[in-house]
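Below are the chains, spelled out letter by letter.
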Amino acid sequence: MRRVVLLLSFLLGSSSSLDAQTQKNSWSNLDGLKAGQGIEVIESKLKRHDGKFVTVTDGVLTMRENGTDISLIREDIVRVSTTSVPKRGEHALIGLVVGGAVGAGVGAASGSSHGFLGGSSRGIGALIGIVIGAPSGALVGAIVPAHTTVYRATSSAARH
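Below you will find a few notes about this structure.

How each quantity is defined
Residues numbered from 1 in each chain as written. Predicted model: local features only at pLDDT ≥ 70, side-chain atom pairs only at ≥ 80, totals over all residues. Heavy atoms only, no water. Pairing = 2+ DSSP bridges. Helix = DSSP H or I, 4+ residues; strand = E, 2+ residues; numbered from the N terminus. Core = buried A, V, L, I, M, F, W, Y, C linked by side-chain atoms within 4.5 Å. Buried < 20%, exposed > 50% of the residue type's maximum accessible area, 1.4 Å probe, protein only. Contact = heavy atoms within 4.5 Å. Salt bridge = Lys/Arg side-chain N within 4 Å of Asp/Glu carboxyl O.

1. Focus: the pairing of strand S3 (residues 60-65)
Here's step 1: Note that strand S2 (residues 48-56) and S3 share 4 bridges and pair antiparallel. Bridge pairing in S3 links valine 56 to leucine 61.
Here's step 2: Between S2 and S3, which pair antiparallel and follow one another directly, the connecting turn spans 3 residues.
Here's step 3: Taken together, the 6 bridges between S3 and strand S4 (residues 68-73) define a ladder with antiparallel strand orientation.

This is the structure in structure tokens:
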């Protein structure tokens, strides 16, 4: 029975991830961007552009990079992502909480019930885990890029 549940979970999870991937292949997703929104564009020659969205047509994406408008042809674009710098603080806060909780759990589990002078060392272990885990989690949360992929070219379009 356990194998059946695991297999069903895998199949349901993979079908939803495949559905999410196919939706990112649509150029029309770029119509949802707002003028002035931060975007990152990767070209097929792996050149990266970072700037603000201006407009999009059926074949051209225009963005402002370093004060200059540039137009990129659809066939040359591999990926378009939104940039959301304000979310770094949110990610750091989430990392702080998760890292602290994981650190506390690991620290408490590694402590013994017969600690120094007959007391338990689990509480001390949990505190040490929080001191180590919370800043580590915050650092990882702040480093994780806050990008959301809006468009990803299909493999045939990316070959050019």
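2. A few points about the nonpolar core
Here's step 1: Formed by 15 residues in total, the largest nonpolar core has its most connected members in Leu30, Val41, Leu61, Ile77 and Val80.
Here's step 2: Within the residue set of this core, elements represented by two or more residues are strand S1 (38-43), S2, S3, strand S5 (77-83) and strand S6 (147-152).
Here's step 3: When neighbours within four sequence positions are excluded, valine 80 is seen to be in contact with Leu30, Leu33, Glu40, Val41, Leu61, Thr148, Thr149, Val150 and Tyr151.

3. Brief notes about the pattern of salt bridges
Here's step 1: A complete count under the given rule lists 4 salt bridges for this structure.
Here's step 2: A salt bridge links arginine 48 to glutamate 40, with the nearest nitrogen and oxygen atoms 2.5 Å apart.
Here's step 3: Looking at glutamate 40, the relative accessible area reads 6%, which means it is buried.
Here's step 4: One continuous salt-bridge network, built from bridges that share partners, spans Glu40, Arg48, Asp50 and Arg79.

All quantities given are derived from atomic positions and should not be read as evidence of function.
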